[in-house]
Amino acid sequence: MDAVLSVLRIEILIPWLLAMILGIFVGAMPGLTATMAVALIVPLTFHTPPIVGLAMILGVSFTAIFAGDIPATFLRVPGTPASGAAVLDGYEMNKPGKGPLAIALDLTCSTLGGTIGVLILITISPILATFALRFTHFEYFWLALLGLSMSAVITKGSTMKGLISMTGGLILSTIGLDISTGYPRFAFGNTYLMGGINFIPVMIGLFGISEVLRSISVTSHDQLGDAAIISNVKADFRSVGKIMGKNKRLILQSSVIGTLIGALPGAGADIAAWVAYGMAKKTSKTPEKFGTGAEEGVIAPTTANNAALGGTWIPALVFGIPGDSITAIVLGAMMMYGLKPGPLVFQGSRDLVNQIFTVAVISQFFLLILGYLGIRAFTWFFKFPRNVVLAGITIFSIIGAYALRSSVFDVGLVLVFGILGYLMERVTIPLPPFILGLILGPMIEENLRIGLVKTSGNFWPFFSRPISAFFAFLLILIFLYEPVKLLIQRKRR
Amino acid sequence: MIKRPFHFNQEHIIGLVCLAISVIILSITPSFPKGKANIGLTGPAFFPDLLAFVFIVCGVYQLWHGTAYASLYRPITLSTARNLFKKKETRTAYFIILFIVGFILLFDILGFLVTSFLFLVLFLLRLGVPRWQTFFYATFFTALIYFLFGWLFTISLPSGILEYVGL
């Protein structure tokens, strides 16, 4: 109860709710992702107390993921990648005029999925944290590498390109003063580089500016000024209760799938939605109806994508390993506040952890209300010309990066990584492993080098300790999975 | 055996970039202080060198992949490079990059208000926004950002030339 009262204060509520409204706006804009919404909000959190900043980040991510389903249902354009699976049946329901029911079902399931995901997070995290206290440098080295490698393997595209992106991020993390000797690496006498590359301008560039450049270069000028004007949109909640009652098992199944997939480092809400959709189709009595406007086809992905958000916080809070690009940003923000995510955070900052959990639960109720208003405001949103939105995002990204250290050097970084992100996407190199590499690089290097000092340069303890050996084995499995699968498929043919 | 036609493609470029970065790293790190191997103390070059070797493996793989599976990728020729400047939309993206470079160069001199306003005007006009709307949106965004960052979060934004006129 104390935690509830401590977060329901006006100085927390106002920025929290404003961030959630921004999440709806960004999430509903096709092409703008939930990660971008979080990236835009982070510079605003620099000067706020930790709980205000974290409430804003949590809130914006929940609403952005849901809001992506609105254009997915009414325009067949997913607002965020996590809404990709929601297009299939949501839009098919909209065709014969059942769009209001589909979006009402979507909002209710998103709220329910999000709540279940957060409840699992609250239950599991402290237990896992107790277990994680046994970890030493050897285990943390493998765990960070495992998280990073999973992000490289799971993200779309080839594993090798994921590995290249991940290694690129790791290389970038080596710029600055060496952790043990203090020697400036790759700084070339530049004082900014000596302090290391801050992940925020990199992230704003990779996810914000690159998206602006991509949108501009692929959309014709006439379309850039267009607004997707459609008839008034509303939600119809009348038969939602009955449908949800009929699909209780599916909601629970999708929530658990979403949370578990979210908890895997590197796998976020988009993968969760697709897996939950596939699973729902497999377990359905009427799989043939999927893709033609089935209610189950709306329930499964929309429940799972919001449940995944709770799941992504499990490895982030317990081990300090981000579950996806959003929690990667969260980890960076927490470090900025002087908090070190990991098992000790449950002891040292118990109150803050409780507040984070409370904010996550209350955000679900706010999501229901703001989501409803967001649906109503959807028609208005889409009267905004796309080119104006792009201009707003660009100037916000630039000033957001400048605000970090009052330095135009960081604005330069935004531009450099914006161009890099644009080029990487052109050649289908995934972006999330890059940012995870940059954030986890110091953790991997520190644990590897301290581990080596402890063993006088002997690598054997990295493999001989039971948990380390298990993580190392998992890592090998992850990288061998795809080539072995291809080999088996070829042999079968 | 089927002879696959060779053509230079994006996979080769990725491979070459990986190799080039590795070479740069490996040519810089020898100047770093050495560690003490007998006590397991690794030097500052240890981790970057390790990553450079991973990048070499990635680079070599990409070169092989680009050659073995050349048919999967579009060939990159001189005309591809020329086409990069032909499309109006792509040219606009280059202009946006130029505007940001200009913003970086002028930000401290002209100050936040002037630079942001000018940047937005150029940006919006280039993207085809009507003139009166351009000025409205440029003023709106500049004011909004000044309110959020400068006023609400008290972040010091440079006044630039406006300092001389007492603003």
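Starting from 1, residues in each chain are numbered consecutively following that chain's sequence as written. The order in which chains are written sets their letters, starting at A; the order in which ligands are written sets their numbers, starting at 1. Only residues with pLDDT of at least 70 are given local features in this predicted model, and only at 80 or more are side-chain atom pairs given and counted; all residues enter the totals for whole chains, interfaces and linings.

Comments concerning the overall build of chain B
Helices and strands together make up the secondary structure of chain B, namely six helices and zero strands. Where helices and strands are cited, they refer to DSSP runs of H or I of at least four residues and of E of at least two residues respectively, numbered from the N terminus. Counted from the first residue to the last, chain B has its helices and strands arranged as α-α-α-α-α-α. Computed over its C-alpha atoms, the radius of gyration of chain B comes to 25 Å, more than 25% above the 15 Å expected for a compact globule of 167 residues. C-alpha atoms of chain B, sized along the principal axes, occupy 70 × 55 × 25 Å. Counting other C-beta atoms within 10 Å of each residue's C-beta, where C-beta atoms are placed from the backbone, gives the exposure class: buried for 20 or more, exposed for 12 or fewer, partly exposed between. The buried share of chain B, reckoned over its 167 residues, is 29%. We call two residues in contact when the distance between their C-beta atoms, placed using the backbone, is within 7 Å. Looking at chain B alone, contacts between residues at least 24 apart form 62% of all its contacts between residues at least 6 apart. Within these notes, the globule rule equals 2.2 Å times the number of residues to the 0.38 power, and the radius of gyration is based on C-alpha atoms.

Regarding the overall build of chain A
Along the backbone of chain A there are 24 helices and two strands. Here the C-alpha radius of gyration of chain A, 22 Å, is about what a compact globule of 493 residues would show, namely 23 Å. Within chain A, buried positions represent 59% of all 493 residues. In chain A, the proportion of contacts linking residues at least 24 apart, taken out of those at least 6 apart, comes to 77%.

Concerning the interface of chain B and chain A
Between chain B and chain A, the contact holds 51 residues from the first and 49 residues from the second. Contributing elements (two or more residues each) for the side of chain B that touches chain A: α1 (10-28), α2 (46-68), α4 (88-110), α5 (112-126) and α6 (131-152) of chain B. Among the elements that make up the side of chain B that touches chain A, the one with the highest residue count is α4(B) (13 residues). Under the scheme applied, nonpolar residues are Ala, Val, Leu, Ile, Met, Phe, Trp, Tyr, Cys and Pro; charged residues are Asp, Glu, Lys and Arg; polar residues are all the others, including Gly. Residue composition of the side of chain B that touches chain A, by class: 39 nonpolar, nine polar and three charged.

Points about α4(B)
At B:Ile104, α4(B) shows its maximal bend, which comes to roughly 35 degrees. Among the residues of α4(B), B:Thr92, B:Ile96, B:Ile100, B:Phe103, B:Phe107 and B:Leu110 are the ones counted as buried. Where α4(B) is buried, its residues meet α11 (199-218), α20 (386-405) and α21 (408-426) of chain A together with α5 of chain B. Just past α4(B), the residue B:Gly111 takes up positive phi, approximately 95 degrees. Note on bend: at a given residue it equals the angle between the axes fitted to the 7 residues ending there and to the 7 starting there.

Side note on the nonpolar core
The tendency in soluble globular proteins is for nonpolar side chains to be buried as a group. Buried Ala, Val, Leu, Ile, Met, Phe, Trp, Tyr and Cys residues whose C-beta atoms connect them within 7 Å together make up a nonpolar core. Ranked by internal contacts, the top residues of the largest apolar core, which has 197 residues, are A:Ala272 and A:Ile435. Broken down by element, this core gets its largest block of residues, 14 residues, from helix α7 (residues 99-132) of chain A. Each of domain 1 (10-82) and domain 2 (85-165) of chain B contributes no fewer than three residues to this core. Other than its neighbours up to four places away in sequence, A:Ile435 contacts A:Gly169, A:Phe199, A:Val202, A:Met203, A:Leu206, A:Ser325 and A:Ala328. Domain delimitation in this document rests on an assignment produced automatically or drawn from a domain database.

Focus: helix α16 (residues 295-319) of chain A
Residue and element names in this part refer to chain A. For α16, spanning 25 residues, the distance from its first C-alpha to its last is 37 Å, which sits close to the expected 36 Å at 1.5 Å a residue. The largest bend along α16 measures about 25 degrees and falls at Ala308. Buried residues dominate α16, accounting for 25 of its 25 residues. Multiplying 1.5 Å by the residue count of a helix minus one yields the expected span of that helix.

Structural notes on the confidence of the model for chain A
Per-residue confidence from the prediction method is given by pLDDT, with values spanning 0 to 100. Mean pLDDT over chain A: 83, with 92% of residues reaching 70 or higher. By mean pLDDT, the top-scoring element of chain A is strand β2 (residues 184-185) of chain A (94), and the lowest-scoring one is helix α12 (residues 221-224) of chain A (64).

Things to note about unusual backbone geometry
Note on backbone geometry: most residues besides glycine have negative phi, and most peptide bonds are trans. All names here are of chain A. Backbone geometry at Phe186 places phi at a positive 50 degrees, although glycine is not the residue there. Residue position: Phe186 is located in the loop between β2 and α10 (191-194). One non-glycine residue, Phe188, lies in positive phi territory at about 50 degrees. Topologically, Phe188 is positioned in the loop between β2 and α10.

With respect to the environment of A:Tyr277
All names here are of chain A. Tracing the backbone shows Tyr277 in helix α15 (residues 269-283). What makes Tyr277 buried here is the crowd of 28 C-beta atoms within 10 Å. Residues Tyr277 and Met335, 58 residues apart in the sequence, show an inter-C-alpha distance of 36 Å. The contact partners of Tyr277, leaving out residues within four places of it in the chain, are Ala85, Gly297, Ala300 and Pro301.

Details of the domain arrangement of chain B
One can read the domain layout of chain B as domain 1 (10-82) and domain 2 (85-165). For domain 1 of chain B versus domain 2 of chain B, the distance between C-alpha centres works out to 38 Å.

What to know about the environment of A:Ile70
Residue and element names in this part refer to chain A. Among the structural elements, Ile70 can be located in helix α5 (residues 69-74). It is 31 Å that separates the C-alpha atoms of Ile70 and Leu420, two residues lying 350 residues apart in sequence. Discounting residues that sit within four places of it in the chain, Ile70 has contacts with Ala28, Gly79, Ile103, Gly374, Ile375 and Phe378.

Observations regarding the packing of α7(A) against α16(A)
Residue and element names in this part refer to chain A. A fitted line through C-alpha atoms serves as each axis, taken over the contacting stretch for helices, and the angle formed by two N-to-C directions is quoted from 0 to 180°. Running from N to C, α7 and α16 cross one another at 25 degrees; their axes reach a closest spacing of 7 Å. By the angle between their axes, α7 is roughly parallel relative to α16. Read as a crossing pair, α7 and α16 show a hand that is right-handed. Angle categories: roughly parallel below 35 degrees, roughly antiparallel above 145, roughly perpendicular from 65 to 115, and oblique for all the rest. Note on convention: the crossing is left-handed when the near helix lies turned anticlockwise from the far helix by less than a right angle, right-handed when the turn is clockwise.

Brief notes about the environment of A:Ile314
All names here are of chain A. With respect to the helices and strands, the residue Ile314 is situated in helix α16. Note: C-alpha distance between Ile314 and Leu370 (56 residues apart in sequence) is 26 Å. Contact partners of Ile314, with chain neighbours within four places excluded, come to Leu121, Ile124, Ser125, Leu128, Ala263 and Gly323.

Digging into the packing of helix α2 (residues 10-28) of chain A against helix α3 (residues 34-45) of chain A
Residue and element names in this part refer to chain A. With their axes 9 Å apart at the nearest point, α2 and α3 run at an angle of 140 degrees to one another. One finds that α2 runs oblique with respect to α3. With respect to the hand of their crossing, α2 and α3 are arranged in right-handed fashion. From α2, Ala19, Leu22, Gly23, Val26 and Gly27 reach across to α3, where they touch Ala34, Met36, Ala37, Leu40 and Ile41. Here the residues of the contact of α2 with α3 sort into eight nonpolar, two polar and no charged.

Let's talk about the confidence of the model for chain B
Residue and element names in this part refer to chain B. Looking at chain B, pLDDT values average 86 and 94% of them are 70 or higher. Across chain B, the element-wise mean pLDDT spans from 75 in helix α3 (residues 78-83) up to 95 in α1. For this predicted complex, the interface score ipTM comes out at 0.90, while the overall pTM is 0.76.

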